[in-house]
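A closer look at the structure
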Amino acid sequence: SGAKGKGFTSMKNMEKELLCPVCQEMYKQPLVLPCTHNVCQACAREVLGQQGYIGHGGDPSSEPTSPASTPSTRSPRLARRTLPKPDRLDRLLKSGFGTYPGRKRGALHPQAIMFPCPACQGDVDLGERGLAGLFRNLTLERVVERYRQSVSVGGAILCQLCKPPPLEATKGCAECRASFCNECFKLLHPWGTQKAQHEPTLPALSFRPKGLMCPDHKEEVTHYCKTCQRLVCQLCRVRRTHGGHKITPVLSAYQALKDKLTKSLTYILGNQDTVQTQICELEETVRHTEVSGQQAKEEVAQLVRGLGAVLDEKRASLLQAIEECQQERLARLGAQIQEHRSLLDGSGLVGYAQEVLKETDQPCFVQAAKQLHNRYPGVSCPLTFRPLGPPLTPLSLPTVPEAPVIDTQRTFAYDQIFLCWRLPPHSPPAWHYTIEFRRTDVPAQPGPTRWQRREEVRGTSALLENPDTGSVYVLRVRGCNKAGYGEYSEDVHLHTPPAPVLHFFLDGRWGASRERLAISKDQRAVRSVPGLPLLLAAERLLTGCHLSVDVVLGDVAVTQGRSYWACAVDPASYLVKVGVGLESKLQESFQGAPDVISPRYDPDSGHDSGAEDATVEASPPFAFLTIGMGKILLGSGASSGAGLTGRDGPAASCTVPLPPRLGICLDYERGRVSFLDAVSFRGLLECPLDCSGPVCPAFCFIGGGAVQLQEPVGTKPERKVTIGGFAKLD
């Protein structure tokens, strides 16, 4: 009984799945739309009629029309009129040549019927045949029938042809698809007619055909087209419509779909408790979010009110201070004006004083002058103007810093990004800075541009760690002080190296002469001093002088992946070769001192940019870039990105200016090495390399020269900023 009650409850809960989206009632003869949604046949016809499609709502059912399926059939007499069945051959010809009702023979552009699906709110293409090309959903009909029986247990089935009030049905007919009382059954199945051979069944609310029929050929479907995801019959299978499609028997499709649906249902039923727990947690989270959101709103309102009170108090104090200063200055200015006006009012005393000065009697003059002096003190005190300082101005407020200026000479990208900036000369100071950056080589996403941000950076430089290789970053900076944030600096674009940076030191144990090579203490720079042998070679060039090639190798060998490093070559170097090679071949070739002046010496025993035939198939063990006197020599076989190839083929050997830094990118798996301008990352040369063993960096010197390895950015003492830890900025 518990299982029965649980099943009844599940039937009650699925009622919303059995309602037609158009009429909101139980499905009646549901049709399956191409979008996999269902709709009643009568509702579909009504919708098509509202859309203006007349005559395209064909009957997709694969069984003869029942008396109860048409509203006009209300009595057994009218039900006796049956539609003539079309001839099978004529039906096949029509389906083969496409001349069925509603389509004219030879029509070039048949009308496509669009059906507005009420479930997905989209227009569904029903093809040329409209509803006649759709399948009935017999499984859904069976589920609706079982649901009706479960919710109306013991309810009587009424006759579908009786005049109101109808009698209780006692018989049913699967051929007529209707339930009848005894009288109506006899009237609809008279003796001596073909309907008299119909076998009576128990009354039912709906009758279904024995099998699902093809709407095109009225044949039972036996296969399933995986390409079209549609059931087909034997005739559909041989038609050109499904030519080359993957077609399987219905049994295989039935078993596969049943297994998938069973697994999905088992998973859902097995995780109902977990889902219910998650629903409770989500509901609790919703309540907590609502409460916290309300609290946050109240806190914000309280903070705003507090800020308003503080601003009002500050405004009142500032206005009072300005008023006091104004009154004080006005009082002082009024006193001075009154003093000056008193001088103008005593102009009569001036004339009297001039006459007194003409008195020659000294006692009389003293008597008159003393009296005059007491009345006009300005005579004994010269007139002076007392400045009051600058005029009264509003209170000076602090200003935000101006936009910083990024130092492009010191800002660069290597293993990390080093960013340096400064403020303009007359800019207000900044307490701290905000750095923002983003990649420009990623696809743009809808919405505002998303920046990565780092707040409160002290100083005027920073390190951005873990940048993506082979990318372009755009960076900007702005300052902040007590007045707020200033303007952003101009955007600066930086290219990151095409591969991870290889860190190594110089090792002069192989092919290096201590007399001619000087390696720095940090083993990141080397200088070659030519000395006396080169001078003798220049003097006796034709007498067979011997000159050695000095080689310095890196102390790290590459055996996999991609690697990149950069170096700077002194423009005054006589002849320097920068590149890579097999460690074993380099040690064998340079353990002995080659004869440079001798004709037996070949400086390009490997592959370099100065001399190499591009048609050589075997990869050379060396790959060098030749540099001399501030120029780079690019050979005829160079694969250059600097525009050195002509229209009809590679250009002849030529030179390009030496950039401030050279970059070397080694792809061990592909057996390729590329030489780049480490500032602009413009390609200079790309050539093959034998990577059958460990490959290490190499530097060759003939005559005087110097090479400096680029230091990793991480060794600088500036503040570090981890890119992975940046917060997203909308």
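Since this is a predicted model, take the numbers as computed values, not measurements.

1. A look at the overall build of the protein chain
Broken down by element type, the protein chain carries 13 helices and 37 strands. Considering only contacts in the protein chain between residues 6 or more positions apart, those separated by 24 or more positions represent 66%.

2. Describing the sheet that holds strand S11 (residues 247-249)
Ordered by their spatial adjacency, 3 strands build an open sheet running S10-S9-S11, and the pairing between neighbours is antiparallel. Of all strands in the sheet, those with a lone pairing partner are strand S10 (230-232) and S11, marking the two edges. With strand direction ignored, the average angle separating the axes of adjacent strands in the sheet is 35 degrees. Sheet topology places strand S9 (residues 223-225) next to S11; 3 bridges connect them, and they run antiparallel. In the strand pairing of S11, His-223 is matched with Pro-249.

3. Some words on the sheet that holds strand S33 (residues 683-688)
The strand order S22-S23-S35-S25-S31-S32-S33 describes an open sheet built from 7 strands, whose pairing is antiparallel. Each edge of the sheet is formed by a strand with only one pairing partner; in this case those strands are strand S22 (517-519) and S33. Averaged over all pairs of adjacent strands, the angle between strand axes in this sheet comes to 20 degrees, irrespective of strand direction. Where strand S23 (residues 525-528) and strand S35 (residues 705-709) come together, 4 bridges link them in antiparallel fashion.

4. Re the nonpolar core
With 51 residues, the main nonpolar core has Tyr-564, Ile-632, Leu-662 and Phe-699 as its most contacted residues. Per-element accounting of this core gives the leading share, 5 residues, to strand S25 (residues 562-569). Here this core gathers at least three residues from each of two domains, domain 3 (405-495) and domain 4 (506-597 + 619-639 + 653-709). Ignoring sequence-local partners within four residues, the contact set of Ile-632 consists of Leu-625, Thr-626, Ile-627, Cys-654, Thr-655, Val-656, Pro-657, Leu-658, Pro-659, Leu-662 and Leu-684. Residues Cys-20, Cys-40, Cys-43 and Ile-113 belong to the second largest nonpolar core, which totals 24 residues.

5. Here's the deal with helix H2 (residues 41-51)
Here H2 has its buried residues at Gln-41, Cys-43, Ala-44, Val-47 and Leu-48. Angular distribution of buried residues about the axis of H2 spans 160 degrees; they occupy a single face of the element. Opposite the buried face of H2, by more than 90 degrees, sit the exposed residues Ala-42 and Gln-50. Looking at the packing, one finds that the buried side of H2 touches strand S1 (30-32), strand S2 (38-40) and strand S3 (114-116). Of the residues flanking the end of H2, it is Gly-52, one or two places downstream, whose phi is positive at about 95 degrees.

6. Focus on the side chain of Thr-626
Checked against the element boundaries, Thr-626 lands in strand S28 (residues 622-628). Among the residues examined, Thr-626 registers a relative accessible area of 8% and is labelled buried. A polar contact is formed between the side chain of Thr-626 and the side chain of Lys-577, at a distance of 3.0 Å.

7. Quick look at the packing of aromatic side chains
All chains considered together, the criterion is met by 8 aromatic pairs. On the numbers, 6.1 Å between centres and 50 degrees between planes, the contact of Phe-412 with Phe-418 is tilted. Both residues of the pair, Phe-412 and Phe-418, belong to the buried class. When the centroid spacing of 6.2 Å and the interplanar angle of 55 degrees are considered together, the rings of Phe-622 and Phe-624 count as tilted. No difference in accessibility class separates Phe-622 from Phe-624, as the two residues are buried. Among the aromatic residues, those joined into a ring-pair cluster are Tyr-414, Tyr-564 and Phe-681. Above the face of the Trp-451 ring, Arg-438 is positioned so that its terminal group lies 4.8 Å from the ring centre.

8. Describing the pairing of S23
Bridge analysis of S22 against S23 gives 3 bridges, and the strand direction is antiparallel. Within the sheet, the bridge partner assigned to Ile-519 lies in S23 and is Val-526. The turn joining S22 and S23, which pair antiparallel and follow one another in sequence, is formed by 5 residues; a positive phi near 60 degrees is taken by Gln-523.

9. Some remarks on the pairing of strand S31 (residues 662-667)
With 6 of its 6 residues buried, S31 lies for the most part within the structure. The side-chain alternation of S31 yields two buried faces, one formed by Leu-662, Ile-664 and Leu-666 and the other by Gly-663, Cys-665 and Asp-667. Note that S25 and S31 share 6 bridges and pair antiparallel. Bridging across to S31, Cys-567 finds its partner in Leu-662. Where S31 meets strand S32 (residues 672-677), 6 bridges bridge the pair, whose relative direction is antiparallel. Bridge pairing in S32 places Leu-662 opposite Asp-677. Joining the antiparallel neighbours S31 and S32 is a turn of 4 residues, in which Gly-671 adopts a positive phi near 65 degrees.

10. Considering the pattern of salt bridges
One pass over the structure, following the stated rule, counts 11 salt bridges. As a salt-bridge pair, Arg-287 and Glu-284 come within 2.5 Å of each other at their nearest N and O atoms. Note that Arg-287 and Glu-284 are positioned in helix H9 (residues 272-345) at a spacing of 3 residues, about one turn of the helix. With a shortest N-O distance of 2.8 Å, Glu-436 and Arg-476 are connected by a salt bridge. On the criterion of sequence distance, the pair formed by Glu-436 in strand S15 (residues 432-439) and Arg-476 in strand S18 (residues 472-481) is long-range, its members being 40 residues apart. The two residues Glu-436 and Arg-476 agree in class, both being buried. Look at the salt bridges and you will find they share partners, linking Arg-562, Asp-667, Arg-670, Arg-672 and Glu-686 into a network.

11. Considerations on the confidence of the model for the protein chain
Summarising the model, the protein chain shows a mean pLDDT of 76, and 72% of its residues fall at 70 or more. Predicted confidence for residues 593-607 stays below pLDDT 50, and this span has 35 contacts to residues more than four positions away or in other chains. A low-confidence stretch, residues 637-651 stays under pLDDT 50, and its non-local contacts, those more than four residues away or across chains, total 23 contacts.

12. Description of unusual backbone geometry
Excluding glycine, residues mostly have negative phi values, and the peptide bonds linking residues are mostly trans. Positive phi outside glycine occurs at Gln-29, with the angle close to 50 degrees. As for its placement among the helices and strands, Gln-29 is situated in the loop between helix H1 (2-13) and S1. Even without a glycine there, the phi angle at Met-629 is positive, about 55 degrees.

13. Focus: the environment of Leu-231
Residue position: Leu-231 is located in strand S10. Sequence separation between Leu-231 and Thr-248 is 17 residues; the distance between their C-alpha atoms is 9.8 Å. In this view, Leu-231 contacts Phe-135, Leu-212, Val-221, His-223, Tyr-224 and Val-250; residues no more than four positions away in its chain are not counted.

14. Some details on the side chain of Ser-471
Within the element layout of this structure, Ser-471 appears in the loop between strand S17 (461-465) and S18. A distance of 3.2 Å separates the side chain of Ser-471 from the side chain of Arg-439, its partner in a polar contact. For Ser-471, the side chain forms a polar contact with the main-chain oxygen of Thr-469, separated by 3.3 Å. Setting aside residues up to four positions removed in sequence, Ser-471 forms contacts with Arg-439, Asp-441, Leu-494, His-495 and Thr-496.

The rules we used
- Residues numbered from 1 in each chain as written.
- Predicted model: local features only at pLDDT ≥ 70, side-chain atom pairs only at ≥ 80, totals over all residues.
- Heavy atoms only, no water.
- Helix = DSSP H or I, 4+ residues; strand = E, 2+ residues; numbered from the N terminus.
- Contact = heavy atoms within 4.5 Å.
- Pairing = 2+ DSSP bridges.
- Axes fitted to C-alpha atoms, helices over the stretch in contact; angles between N-to-C directions.
- Core = buried A, V, L, I, M, F, W, Y, C linked by side-chain atoms within 4.5 Å.
- Buried < 20%, exposed > 50% of the residue type's maximum accessible area, 1.4 Å probe, protein only.
- Domains from an automatic or database assignment.
- Arc of directions from axis to C-beta.
- Polar contact = N/O pair within 3.5 Å; in protein donor to acceptor, adjacent residues only side chain to side chain.
- Phe/Tyr/Trp six-rings, centres within 6.5 Å; stacked < 30°, edge-to-face > 60°.
- Lys NZ or Arg CZ within 6 Å of the ring centre and 35° of its normal.
- Salt bridge = Lys/Arg side-chain N within 4 Å of Asp/Glu carboxyl O.
- pLDDT = per-residue confidence, 0-100.

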